[in-house]
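# Remarks on the overall topology
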Amino acid sequence: MFWQIDLAILTLVVVTTVGSLMVKDLLGAAILFGAYSFLMCLLWAIMGAVDVAFTEASVGAGVSSVFFVAAVFRTSRRTKD
Amino acid sequence: MKIIGLIITIMTGGFLVYAAGDFPAWSDPSSPASTYLSPYYIEKAIEETSVPNIVTAVLADYRGFDTMFEATVIFSAGLVCFILLRIMGRKEPETRHYRHVLTGVTVTIKEGRKIPASEEFERIDDLWTPPELIIKTACRVLIPFLQLFGLYVIAHGHYSPGGGFQGGVILGASIILLAISHDLRTATERMREKVVAILCPVGVAIYAGTGALCLLLGANFLDYGALASVLHVDPITARSHGILMVEIGVGIAVMTTMIWIYNNISSAGKYNQGL
Amino acid sequence: MAELIPTIIAKYNYWIYITLMMIGLYAMIAKNNLVKKILGMSIFQTAIILFYVSIGVKKGATIPILEGVHGHGAAHQAVHAADYVNPLPHVLMLTAIVVGVATLGVALALAIRVYNRYNTLEEDEILAQIRKK
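Residues numbered from 1 in each chain as written. Chains lettered and ligands numbered in written order. Predicted model: local features only at pLDDT ≥ 70, side-chain atom pairs only at ≥ 80, totals over all residues.

### Let's talk about the overall build of chain B
Test applied: The helix count covers DSSP runs of H or I at least four residues long, the strand count covers runs of E at least two residues long, and both are numbered beginning at the N terminus. Here the C-beta atoms are placed from the backbone, and a residue counts as buried if at least 20 other C-beta atoms lie within 10 Å of its own, exposed if 12 or fewer do, and partly exposed otherwise.
Scanning chain B from terminus to terminus reveals 10 helices and three strands. Walking chain B from its N terminus toward its C terminus, one meets helices and strands in the order α-α-α-α-β-β-β-α-α-α-α-α-α. Taking all 275 residues of chain B together, the buried fraction comes to 36%.

The following block contains the structure:
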């Protein structure tokens, strides 16, 4: 589609990636990872890969974020790094 | 370590940027990736398999061997999670907590004695939180529709985006929603651990069994045209039905693996309390 | 040099994909926390899938689902390959996504085991505890 939408979503993807890796709270990092997955799904839907977008929406933004939150619940939540 | 990481990353990035100069221009119809084999798949998929969704036809029929081993990989990942984390053993905890439903008073019983099951006292865990009526009721209404939608996605994978993987993940997510909104004990009573653990290889076996059935009927492994004699249809429709059967197998395997991994991670193997 | 600038601007997608991959690679190497390393691995995987799917894009083409055809082996009109997006990278990447989430489950199970044993998730503290033994 328009290259403006493409560029805007790609910028947001890079911003969420960097944000997810810099946050000191692991729960916030897991939620930002879910947002990153959802933006990837939008990118693929724009490119015409509808099956891949469907899978990423259900797997990445759904089940994968739940696994991360469950693992953070069982270990510690703060990190110094 | 950070400086070494930075140097490695910049060097690798430099190599990739140098190599990307040779790539074809973006969205070029005559790029080499779209020239040799994919026009055959696009033009012939509907004639040979009568499935309009080209991705499903290629995934389950033309490249069916890959998908069978992918289902095996998913099953083995669930098995590895189970082996790493699960602590078996029927050692019941020493102190139990009960809560009187009408007044909200918590009673702690030590040394292994217990209150027999009755209407007034309910068993709670260490990490008990007060019940949220809105969340519990909303999720209880939503879960049957989620499962119906998951079944629809599996069955309708021929005509719309979808198929075995997506439907299986949605079905698994419905049980995970039950475990999150209520507690893990409710979800384990609905779908027991043994049922989940046995259904996972059954899904892979359905896939391999369909291939073996084609082998027994005289054609190659995973050549669905041979199913025409069993199903009493012409070979092209038999390929469409063969794709549906293997998608069901993949859906069952993916659903049970998601539930299994969630149960093991969120309770760290003990299965007594969850998220 | 002057004809290099239009090619650099025309291929801006590839530079952003490479940036994403390098962010994920840097997180896997340089971060101390184990969960951040696992996040980096997952970011790397999705960035590579993005790169592969972008190979199959065709200008002015539609999604790879034939419409108006009801099956039974007879196509009513000829199907032109230039009208549809290349489906082969989609198929390979479907497998990659689901294998990625299975690998994520195993990695998180390993992190929980490490936490149960050493009571911390920071890599330098774990190495100090191992060296003290």
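From this point, things continue past the structure.
### A look at the overall build of chain C
Selection rule: Here the globule rule is a power law, 2.2 Å times the number of residues to the power 0.38, and the radius of gyration is based on C-alpha atoms.
Within chain C, the regular secondary structure consists of five helices and zero strands. Helices and strands appear in chain C in the N-to-C order α-α-α-α-α. Computed over the C-alpha atoms, the radius of gyration of chain C is 22 Å, more than 25% above the 14 Å expected from 2.2 N^0.38 for a compact globule of 133 residues. Across its three principal axes, chain C shows a C-alpha extent of roughly 75 × 55 × 15 Å. Here chain C holds 133 residues, and 45% of them are scored as buried.

### Describing the interface of chain A and chain C
Interface size is commonly expressed as the accessible surface area that is lost when the partners come together. Applicable threshold: Contact between residues is assigned whenever the C-beta positions, reconstructed from backbone atoms, fall within 7 Å. The nonpolar class holds Ala, Val, Leu, Ile, Met, Phe, Trp, Tyr, Cys and Pro. Asp, Glu, Lys and Arg form the charged class, and all remaining residues, Gly among them, are polar.
The interface of chain A with chain C comprises 34 residues on the first partner and 37 residues on the second. Contributions of two or more residues to the side of chain A that touches chain C are made by α1 (3-22), α2 (26-47) and α3 (50-74) of chain A. Top contributing element to the side of chain A that touches chain C by residue count: α3(A), with 13 residues. Here the residues of the side of chain A that touches chain C are counted per class, giving 20 nonpolar, nine polar and five charged.

### Examining the interface of chain C and chain B
On the chain B side, the residues contacting the 46 residues of chain C number 54 residues. The dominant element in the side of chain C that touches chain B, judged by the number of residues it contributes, is helix α4 (residues 88-118) of chain C, at 16 residues. Partitioning the side of chain C that touches chain B into residue classes produces 32 nonpolar, 10 polar and four charged.

### Comments concerning the environment of I236(B)
Within the secondary structure, I236(B) sits in helix α10 (residues 235-266). Measuring from C-alpha to C-alpha, the distance between I236(B) and G225(B) comes to 6.7 Å, with 11 residues separating the pair along the chain.

### What about the nonpolar core?
A general tendency of soluble globular proteins is for nonpolar side chains to be buried together. Our working rule: Think of a nonpolar core as buried Ala, Val, Leu, Ile, Met, Phe, Trp, Tyr and Cys residues chained together by C-beta atoms that fall within 7 Å.
Membership of the largest hydrophobic core comes to 125 residues, with the highest contact counts inside it found for F67(A), A71(A), M258(B) and Y262(B). At 14 residues, α10(B) tops the list of elements feeding residues into this core. If we skip the residues at most four places from it in the chain, F67(A) touches I261(B), Y262(B), I265(B), L104(C), G105(C) and L108(C).

### Some thoughts on helix α3 (residues 34-53) of chain C
In an α-helix, one full turn covers 3.6 residues, which means residues spaced three or four apart are oriented alike. Going by this rule: To estimate how far a helix should extend, the number of its residues minus one is multiplied by 1.5 Å.
For α3(C), spanning 20 residues, the distance from its first C-alpha to its last is 29 Å, which sits close to the expected 28 Å at 1.5 Å a residue. Counting buried residues along α3(C), 16 of its 20 residues qualify, which places the element largely inside the surrounding structure.

### Brief notes about helix α6 (residues 164-181) of chain B
The terminal C-alpha atoms of α6(B), which comprises 18 residues, lie 26 Å apart, in line with the 26 Å expected from a rise of 1.5 Å per residue. For α6(B), a buried count of 16 out of 18 residues is recorded, marking the element as mostly surrounded by other parts of the structure.

### Structural notes on the packing of α10(B) against α4(C)
Heads up, the condition is: Axes here refer to lines fitted to C-alpha atoms; in helices the fit is confined to the stretch in contact. Angles between the N-to-C directions go from 0 to 180 degrees. In what follows, roughly perpendicular refers to angles from 65 to 115 degrees, roughly parallel to angles under 35, roughly antiparallel to angles over 145, and oblique to any angle outside these ranges. For any helix crossing, the convention is left-handed if the near helix is rotated counterclockwise from the far helix by under a right angle, and right-handed if that rotation is clockwise.
Remark: α10(B) packs on α4(C), axes separated minimally by 10 Å, with the N-to-C direction vectors making an angle of 20 degrees. Relative to α4(C), the element α10(B) is oriented roughly parallel. Relative to α4(C), the crossing made by α10(B) is left-handed. Listed contacts from α4(C) to V254(B), T257(B), I261(B), N264(B) and I265(B) of α10(B) are V98(C), A102(C), G105(C), L108(C), A109(C) and I112(C). Residues of the contact of α10(B) with α4(C), tallied by class, amount to eight nonpolar, three polar and no charged.

### Focus: unusual backbone geometry
All names here are of chain B. Residue S50 is not a glycine yet carries a positive backbone phi of 55 degrees. Residue S50 is classed as buried on the basis of its 24 C-beta neighbours within 10 Å. Phi is positive for L222, close to 60 degrees, though the residue is something other than glycine.

### Some remarks on the environment of A27(C)
Residue and element names in this part refer to chain C. By secondary structure assignment, the location of A27 is in helix α2 (residues 12-30). The exposure class assigned to A27 is buried, which follows from the 26 C-beta atoms found within 10 Å. Once the C-alpha coordinates of A27 and K11 are considered, the two residues, 16 residues apart in sequence, prove to be 25 Å apart.

### Side note on the confidence of the model for chain B
Where we set the bar: On a scale of 0 to 100, pLDDT captures the predictor's confidence in every residue.
When the pLDDT values of chain B are averaged, the result is 84; 86% of them are 70 or greater. Looking at the elements of chain B, mean pLDDT is at its lowest for strand β3 (residues 121-124) of chain B, recorded as 68, and at its highest for helix α5 (residues 133-155) of chain B, recorded as 93.

### Focus on the confidence of the model for chain C
Residue and element names in this part refer to chain C. Across chain C, pLDDT averages 86, with 92% of residues at or above 70. Across chain C, the element-wise mean pLDDT spans from 77 in helix α1 (residues 4-10) up to 93 in α3. Model confidence for the complex is summarised by a pTM of 0.89, with the ipTM given as 0.92.

### Side note on the packing of helix α3 (residues 54-62) of chain B against α10(B)
Residues and elements named next belong to chain B. Where α3 meets α10, the axes come as close as 10 Å, and the angle between the chain directions of the two elements is 80 degrees. The angle between the axes of α3 and α10 places the two elements in the roughly perpendicular class. Where α3 abuts α10, its residues T56, A57, A60 and D61 lie against R239, I243, V246 and E247.

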